[in-house]
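Notes for the structure review
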Amino acid sequence: MVRQTLMMLLLLLALPAQAAQAVFAGGSFWVMERLFAEQPGVQATETGWMNSGSRHLRRQVVRVEYDPRTLSYGELLTLYWAAVDAVDGEGQFCDRGTEFSPALYVQGALQQKWAQQSRARLALADNREIRVRILPEGSFESAPARHQQYYQRHPLLYAGYRRMCGYPAGEGFTLQALAGGLLVATEQ
């Protein structure tokens, strides 16, 4: 019996971990994709639109697939809060309107709890109203291929757009650079 239990445990440990997903809206999906795409532990990103009912309309989003053994949802939230203007609920930088407004699309109770706690922590730290919505994940519509990995395929156009629009430079958006700042707990 003990041997069977031990063998089962060893088999479970040997299985590859299933990737987790998170969805973020924070202005241009090009900028959001760049924020997450090259972080250690991110396995894939995809730009698109999230449709979550007529009340919330549709927003540009990036869907992030990540390895939770390497990178936690809390660490993704740390990156997100550092990159968005959390008090601007009407868009981000020069991108205005609902399509560009910030939101966290959560999958299940655990992501909901993490998102709410991190937003509350940021509100206390900044002593301002945080206007980032927390919404249940809706239906995802993938953007055409010309919008995927835009920052890689058109680096000069992307850099010019980011600069002209007022998005902060992305070089400082690493977990190492953000350590000690808006750090969100890193265990899931």
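Above: the structure in question.
Anyway, here's the lowdown on the structure attached to this text. All values reported here derive from a predicted model rather than from experimental measurement.

1. What to know about the packing of aromatic side chains
A complete count under the given rule lists 10 aromatic pairs for this structure. Taken together, a centroid distance of 5.4 Å and an interplanar angle of 80° make the contact between Trp-30 and Tyr-161 edge-to-face. Here the residue Trp-30 occupies a position in helix α2 (residues 29-37), and Tyr-161 occupies one in helix α6 (residues 155-165), the gap between them amounting to 131 residues. Above the ring of Phe-140, the side-chain terminus of Arg-63 is found at 3.9 Å from the ring centroid.

2. A look at the pattern of salt bridges
Pairing of side chains with opposite charge becomes possible as their charged atoms draw close. Per the stated rule, a full pass over the model turns up 6 salt bridges. Among the salt bridges present, the one from Arg-34 reaches Glu-38, with a minimum N-O distance of 3.8 Å. On the accessibility criterion, Glu-38 (48% relative accessible area) is partly exposed.

3. A short note on the state of the cysteines
Using the criterion set out here, one finds 1 disulfide in the structure. Here Cys-94 pairs with Cys-165 through a disulfide, and the sulfurs are 1.9 Å apart. The sign of the -105° torsion about the S-S bond sets the Cys-94-Cys-165 disulfide as left-handed. A residue pair is termed long-range when its members are at least 10 positions apart, and Cys-94 in the loop between β4 (91-92) and β5 (95-96) and Cys-165 in helix α6 qualify at 71 residues. Its relative accessible area of 41% is what places Cys-94 among the partly exposed residues.

4. Notes on the pairing of strand β1 (residues 20-25)
In terms of burial, β1 is a largely internal element, 5 of the 6 residues being buried. Relative to strand β6 (residues 103-106), β1 runs antiparallel, the two sharing 3 bridges. Looking at β6, one finds that Ala-25 is bridged to Ala-103.

Rules and cut-offs
Residues numbered from 1 in each chain as written. Predicted model: local features only at pLDDT ≥ 70, side-chain atom pairs only at ≥ 80, totals over all residues. Heavy atoms only, no water. Phe/Tyr/Trp six-rings, centres within 6.5 Å; stacked < 30°, edge-to-face > 60°. Helix = DSSP H or I, 4+ residues; strand = E, 2+ residues; numbered from the N terminus. Lys NZ or Arg CZ within 6 Å of the ring centre and 35° of its normal. Salt bridge = Lys/Arg side-chain N within 4 Å of Asp/Glu carboxyl O. Buried < 20%, exposed > 50% of the residue type's maximum accessible area, 1.4 Å probe, protein only. Disulfide = S-S within 2.5 Å. Pairing = 2+ DSSP bridges.

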